[in-house]
Amino acid sequence: MSSYPTSIWKRSPNKLRQGEIWLECFCFISLFLAALVLFLVNLGNLPLIDLKEGVVAQVAKEIYQGFGLGDNWIFPTLWGEPYLEQPTLVPDLIAIAYKVAGVSEFTTRLPGALLGAVSVLLLYNIGREIFVARLPALFSALVYLTCLPVLRLSRLAMLDGPLLCFELLTIWAILRSRRDFRWSLLAGIGLALMALTKGILSLQILAIALVFLLWDTPRLLTSTYYWAGIILGTAPAIAWYVAQWFRYHELKTTGIFFHLFLGDISATVIQVQLFPEYYLLSGLQYLLPWLVVMAMGLKLISLNLEWGWGKLLITWIGIYAILSLAIFSQGYWSILPLYPALALAAGRQLDVVRNVPSYIAYPRIWIYSFMLMAAVAAFAGLYWGIRDYVDFYLPFICGSLAITFTVTAIAIAQREKQFVPLLFWGLFISMFLLIISPHWIWEIITQEPVEPIATLIREHTPAETIIYTSMSEERSSLNFYSDRQVIPQSFTQLKQTWKQNYPVYLLLDPMTLEKLNLSQQMVVKSSKFESLKWVLAIKNS
């Protein structure tokens, strides 16, 4: 007589396992689709901004233009000169996007945004490794997805999205390698990818991994097979840095080589002149709305140091904070690689609060915090909707946030477990409203648009021409859109350049043009560009 194994619920274990697999696939696919929506929608509708976006895009364009003609995908250039500010992986990925779909804002930002979306799935996998249970892992991934700096900076053509993805890939592989040495190869590959994006972060994550393993699984550090996988995985990055050393004589100077490895640690922040409210927004995005939940998550970590997840998160946060803020003295923007660890702590805390017995009240500080955020959002919506009206997007975004925080506070006060999905859904809608608006890059509002100026330069100057300008600082986005190098000069330098050289092309503001006392015959006149605040003066002989 045949027999079938059954569980205490009268169901076959195979059916239970099949249902578990389907539920896991549903969570995985839903997370990925939600991430794709937030990371890719309206990605190319706003122009590139100055500093790193314009620079990275120009380096990628030169790699794209040189495909099949040289080795600039290994040795990148900027305006024909060696580009030694950062490694080449991100420009290479953008150049591939250019090759597939052409040069545009969308393809410039696509690789980083895609990697940012993938990082959401990697964080969920890390949560499944350390928490085992599905809900805290899912909450952690959703917290991470709705963190504004993670979303916004990953959508820009900078290093943040790729770095977060490679960081989480490394941590996930380290956790998996505790059961299977072969995962150490993937951990090494993750470190190599970080080193080829921004070398300093690879050292920080390696230090975090080593301290965690020494505390949690010290036997791995004495395994030859484990270290062989790490070294083999990092070999491409080591080879690239060695190639740079032998290719460029100037890298023989230790300071310059370390600058290439460490990168420009101040480049992630967007340093432009903004109104006070934009400085306020830039700071608040790193704190809200998850600050109070993350703070309680940190306390929860300190009470669970005997568990693997407690060891990992305290090591992750502690070692990175010491290395980044104390030793390397980076600014506030350098906390971005901490957000995955903080999101995991917040996800665990949400799961704990959600599962407390019904006779225990939820944290009252959460009620006060969400009510305060609701009041601030409502006030901002009224301000932008009545006094300083720009368009309907800002009042709608603030209204959505105010409703979300108010409903969440009420649900917490009534000890409703549904406050968690209400909060996530409301934040997702609010984030979606932000990214479909023209305000998700709020720095653009205070900058003069460069596309019309770039059109003026392209139509009246030959290719590969250097343009000198009276602008106070170089605008890399203008260089990219005009496909010309536009170099700022002082008034004295402009005057000397005009007298001694020819042909000469000057991009001038009206005041500088008047001071130089140039003939009006040398100024480009076109009704198409009459509204511009800049004029182009040309001296051909």
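Above this note sits the structure.
So, here's what we can say about the structure. Predicted model, so just to flag it, every value in this text is computed and none were measured. (Residues numbered from 1 in each chain as written. Predicted model: local features only at pLDDT ≥ 70, side-chain atom pairs only at ≥ 80, totals over all residues. Heavy atoms only, no water.)

**Some points on the packing of helix 17 (residues 393-413) against helix 18 (residues 419-435)**
Put simply, the rule is: Convention adopted: a line fitted to C-alpha atoms gives each axis, helices being fitted over their contacting stretch, and angles between N-to-C directions are expressed from 0 to 180 degrees. A run of DSSP states H or I qualifies as a helix once it reaches four residues; a run of E qualifies as a strand once it reaches two. Both are numbered from the N-terminal end. Throughout, the term roughly parallel applies to angles under 35 degrees, roughly antiparallel to angles over 145, roughly perpendicular to angles from 65 to 115, and oblique to all others. Between two residues, a contact is recorded if the distance between any of their heavy atoms is within 4.5 Å.
Axis separation between helix 17 and helix 18 bottoms out at 9 Å; the angle between their running directions is 175 degrees. With respect to helix 18, the axis of helix 17 lies roughly antiparallel. In this structure, helix 17 uses Tyr393, Phe396, Ile397, Ser400, Leu401, Thr404, Phe405, Val407, Thr408, Ala411 and Ile412 to contact helix 18, whose residues at the interface are Phe419, Leu422, Leu423, Gly426, Leu427, Ile429, Ser430, Leu433 and Leu434.

**Quick word on a nonpolar patch on the surface**
Formally: A patch consists of residues whose relative accessible area exceeds 30% and which take part in no salt bridge; residues with like charges are grouped when within 9 Å of each other, and nonpolar side chains (Val, Leu, Ile, Met, Phe, Trp, Tyr) when within 5 Å. Each accessible area is a Shrake-Rupley result for a 1.4 Å probe, and residues are judged covered by the shown protein chains and nothing else. A carboxyl oxygen of Asp or Glu within 4 Å of a side-chain nitrogen of Lys or Arg is what we treat as a salt bridge.
A surface patch of nonpolar side chains, about 300 Å² in accessible area, is lined by Leu284, Leu287, Leu288 and Leu291. Here Leu288 shows up in the loop between helix 12 (276-284) and helix 13 (291-302).

**Here we look at the sheet that holds strand 5 (residues 504-508)**
Cut-off, in case you're wondering: DSSP bridges decide pairing: two strands pair if at least two such bridges lie between them.
One open sheet accounts for four strands, arranged 4-3-5-6; its pairing is mixed. Every other strand in the sheet has two partners, leaving strand 4 (485-488) and strand 6 (535-539) as the edge strands with one partner each. When strand polarity is set aside, the average angle formed by the axes of neighbouring strands in this sheet is 30 degrees. Relative to strand 4, strand 3 (residues 466-469) is paired through four bridges, and the arrangement is parallel. Residue pairing across strands places Ile467 opposite Val486, the latter belonging to strand 4. Across the sheet, helix 19 (residues 451-460) lies against strand 3, strand 4, strand 5 and strand 6, angled at about 160 degrees from strand 5, the strand it touches most.

**Examining the pairing of strand 6**
Which entries qualify depends on this criterion: Exposure classes here rest on a 1.4 Å probe applied to the protein chains alone. A residue is buried below 20% of its type maximum, exposed above 50%, and partly exposed in between.
Summarising burial for strand 6: four of the five residues are buried, a large majority. Pairing of strand 5 with strand 6 involves five bridges; the strand directions are antiparallel. Within strand 6, the residue paired with Leu507 across the bridge is Leu536.

**Focus: the packing of aromatic side chains**
Selection rule: Under the pairing criterion, centres of Phe, Tyr and Trp rings, with the six-membered ring standing for Trp, must be within 6.5 Å; the plane angle then separates stacked pairs below 30 degrees from edge-to-face pairs above 60, leaving the rest tilted. Criterion for a charge above a ring: Lys NZ or Arg CZ within 6 Å of the ring centre, and within 35 degrees of the ring normal.
Tallying each qualifying case throughout the model produces 17 aromatic pairs. With centroids separated by 4.5 Å and ring planes inclined at 25 degrees, the aromatic side chains of Phe392 and Tyr393 adopt a geometry described as stacked. Assessed through its relative accessible area of 45%, Phe392 is described here as partly exposed. Take Tyr393: its relative accessible area is 23%, and that puts it in the partly exposed class. In this structure an aromatic cluster arises from ring pairing among Phe139, Trp290 and Phe424. Across the ring face of Phe480, the terminal group of Lys61 is positioned such that the distance to the ring centre comes to 4.2 Å. Just above the ring of Phe75 sits the side chain of Arg247; from NZ or CZ to the centre is 4.3 Å.

**Side note on the side chain of Glu129**
Assignment of secondary structure puts Glu129 in helix 4 (residues 105-131). Ignoring sequence-local partners within four residues, the contact set of Glu129 consists of Trp172, Leu175, Arg176 and Arg179.

**As for the pattern of salt bridges**
Tallied over the full model, the rule gives ten salt bridges. With a closest N to O distance of 2.8 Å, Arg475 and Asp50 form a salt bridge. Taken together, the residues Arg475 in the loop between strand 3 and helix 20 (476-482) and Asp50 in the loop between helix 1 (13-40) and helix 2 (52-65) connect sequence positions 425 residues apart. Across the pair, Asp50 and Arg475 agree in class, each one buried. Residue Asp216 pairs with Arg178 through a salt bridge whose shortest N-O separation is 2.9 Å.

Nothing here speaks to function; it is geometry throughout.
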